[in-house]
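Chain by chain, the residues:
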Amino acid sequence: MKMRRAWCAPLCVAIAGVFFVPAASLRAQQDPQPWIHVAVSGENAEDFSLNLPLAALEAAMALMSESIVQNGQVQLGSELELPVSAIRGVWQELREVGAAESTAIQYQGQDVRIAREGETVLVATGGSPGVRVEIPVPVVDALLSGDDDKLDIPAAVQALSSLRGDVVRVVEVGSNIRVWIDESPVQ
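Keep in mind the model is a prediction, meaning the values are calculated, not measured. One numbering rule holds for all chains: residues counted from 1, following each sequence as written. Per-residue local features are limited, in this predicted model, to residues with pLDDT of at least 70; the limit for side-chain atom pairs, both in listing and counting, is 80 or more; totals at the level of whole chains, interfaces and linings are taken over all residues. The side-chain values count all of the structure's non-hydrogen atoms but skip hydrogen atoms and water molecules.

Could you clarify how one ought to interpret the overall build of the protein chain in this entry?
Here a helix means four or more residues in a row that DSSP labels H or I, a strand means two or more in a row labelled E, and each is numbered from the N terminus. Each helix and strand counted, the protein chain has five helices and 11 strands in total. Considering the protein chain as a whole, with its 187 residues, one finds that 43% of them fall into the buried category. Should any heavy atoms of two residues lie within 4.5 Å, those residues are considered in contact. A separation of at least 24 residues holds for 51% of the contacts in the protein chain among residues at least 6 apart in sequence. Only the protein chains shown count as cover for residues, and all accessible areas are computed by the Shrake-Rupley method using a 1.4 Å probe. With an accessible surface of roughly 9800 Å², the protein chain has 55% of that area assigned to carbon and sulfur atoms. For every residue, the accessible area (1.4 Å probe, protein chains only) is compared with the maximum for its type, and the residue is labelled buried under 20%, exposed over 50%, or partly exposed between those bounds.

Is there a simple way to think about the pattern of salt bridges in this case?
Side chains carrying opposite charge are able to pair once their charged atoms draw close together. A side-chain nitrogen of Lys or Arg and a carboxyl oxygen of Asp or Glu constitute a salt bridge if their distance falls within 4 Å. Considering all chains together, one arrives at five salt bridges under this definition. For Arg116, the salt bridge identified is with Glu119, shortest N-O distance 3.0 Å. Relative accessible area serves as the criterion here: at 48%, Glu119 is assigned to the partly exposed category. Salt bridges linked by common partners bring Asp166, Arg169 and Arg178 together as one network.

Explain the environment of Leu143 to me, please; I cannot follow it from the model alone.
Topologically, Leu143 is positioned in helix α4 (residues 137-143). Its relative accessible area of 19% is what places Leu143 among the buried residues. On a C-alpha basis, the gap between Leu143 and Ala155 in space is 6.2 Å, while along the polypeptide they are 12 residues apart. If we skip the residues at most four places from it in the chain, Leu143 touches Leu151, Asp152, Ile153 and Ala156.

Where do I start with helix α5 (residues 153-160) in this structure?
A turn of α-helix holds 3.6 residues, and therefore any two residues three or four places apart point the same way. Turning to α5, its buried residues are Ile153, Ala156, Val157, Ala159 and Leu160. The buried residues of α5 occupy one face: seen down the axis, they fall within an arc of 160°. In this context, the arc is that of the directions from the helix axis out to the C-beta atoms.

Even after reading the chapter, I still don't get the packing of aromatic side chains, so can you show me in this structure?
Any pair of aromatic rings gets described here by the distance separating the centres and the angle formed by the planes. Classification of ring pairs rests on two measures: the distance between centres of Phe, Tyr or Trp rings, Trp counted by its six-membered ring, which must be within 6.5 Å, and the angle between planes, read as stacked under 30 degrees, edge-to-face over 60 and tilted in between. The final tally for this structure, using the stated rule, is zero aromatic pairs. We count a charge as sitting over a ring when the NZ of a lysine or the CZ of an arginine lies within 6 Å of the ring centre and within 35 degrees of the ring normal. When the ring centre of Trp180 is taken as origin, the NZ or CZ atom of Arg178, which lies over that ring, is 3.8 Å away.

Teacher, can you tell me more about the side chain of His37 here?
Following the sequence through the fold, His37 ends up in strand β1 (residues 35-41). You can call His37 buried: its relative accessible area is 0%. The term polar contact refers here to a pair of N or O atoms within 3.5 Å; inside protein, the definition further demands a hydrogen-donor-capable atom paired with an acceptor-capable atom, and it admits residues adjacent in sequence only when both atoms are side-chain atoms. Only 2.6 Å separates the side chain of His37 from the side chain of Asn51, close enough to count as a polar contact. Here Ser184 takes part through its backbone oxygen, which lies 3.0 Å from a polar atom of the side chain of His37. The residues contacting His37, other than those within four sequence positions of it, are Leu50, Asn51, Arg178, Val179, Trp180, Asp182, Ser184, Pro185, Val186 and Gln187.

Hey, could you run me through the environment of Ala45 in this one?
By the secondary structure assignment, Ala45 is in the loop between β1 and β2 (48-53). Taking C-alpha positions, Ala45 is 6.8 Å from Gly174, a pair spaced 129 residues apart along the chain.

Looking at this model, I keep getting lost on the confidence of the model for the protein chain. Mind explaining?
Predicted coordinates in regions of low pLDDT should not be interpreted in detail. pLDDT runs from 0 to 100 and stands for how confident the predictor is about each residue. The share of residues in the protein chain with pLDDT of 70 or more is 67%, and the mean pLDDT across the chain is 74. Every residue in residues 1-28 is under pLDDT 50, and counting partners more than four places away or in other chains gives 40 contacts.

What am I meant to see in the pairing of strand β9 (residues 131-136) here?
Every regular strand shows the same layout, with side chains that alternate between the two sheet faces. Pairing between two strands requires that DSSP report at least two bridges joining them. When strand β8 (residues 120-125) meets β9, the two strands line up antiparallel, connected through five bridges. Looking at the pairing, Leu122 lines up with Glu134 of β9. Both β9 and strand β10 (residues 165-172) contribute to a ladder of four bridges, which runs antiparallel. Considered in β10, the bridge of Val133 is made with Val170.

Whenever I open this one, the pairing of β8 confuses me. Can you help?
Counting buried residues along β8, five of its six residues qualify, which places the element largely inside the surrounding structure. Here strand β7 (residues 110-117) runs beside β8; their pairing, made up of six bridges, is antiparallel. Paired with Arg113 across the two strands is Ala124, which belongs to β8.

Structure follows, in structure tokens:
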């Protein structure tokens, strides 16, 4: 995971700085625009932060989509992949049941627990290293709204546009990722 972040971070910052920030600054003078912030920290992670206008997120995600989903497999941490189709199936079951304690998937020798707590979906892997991901329900609904082994990034960005505050957290041994949205271009 650190290796993927090593090349993604500078690329995203460069793209944001060259293409998106000047246009967003002009718009920000007219109306406050939502900004998405990403902060990565921890003893096993290169400290990294990104401030990006939410309107530019879809383009940035298109550049990073291969590090999120490869061959229909969502990359959970540095050593676990989970098929999009399996996540979609579990999510459909959880949606039908409503608030559920948890559902578990056994995949590649790892237990992956998916639970819903209020308006947050929790995904946690057992074993070592463990990974915990927290995502708002509307974003999960949008992300999994397609039919194939791809995530619907444009729909997820649209869902994010109505949210403020913390929207995603990823906690892995030695590294933390926090994503939040507000109207400030700086953290």
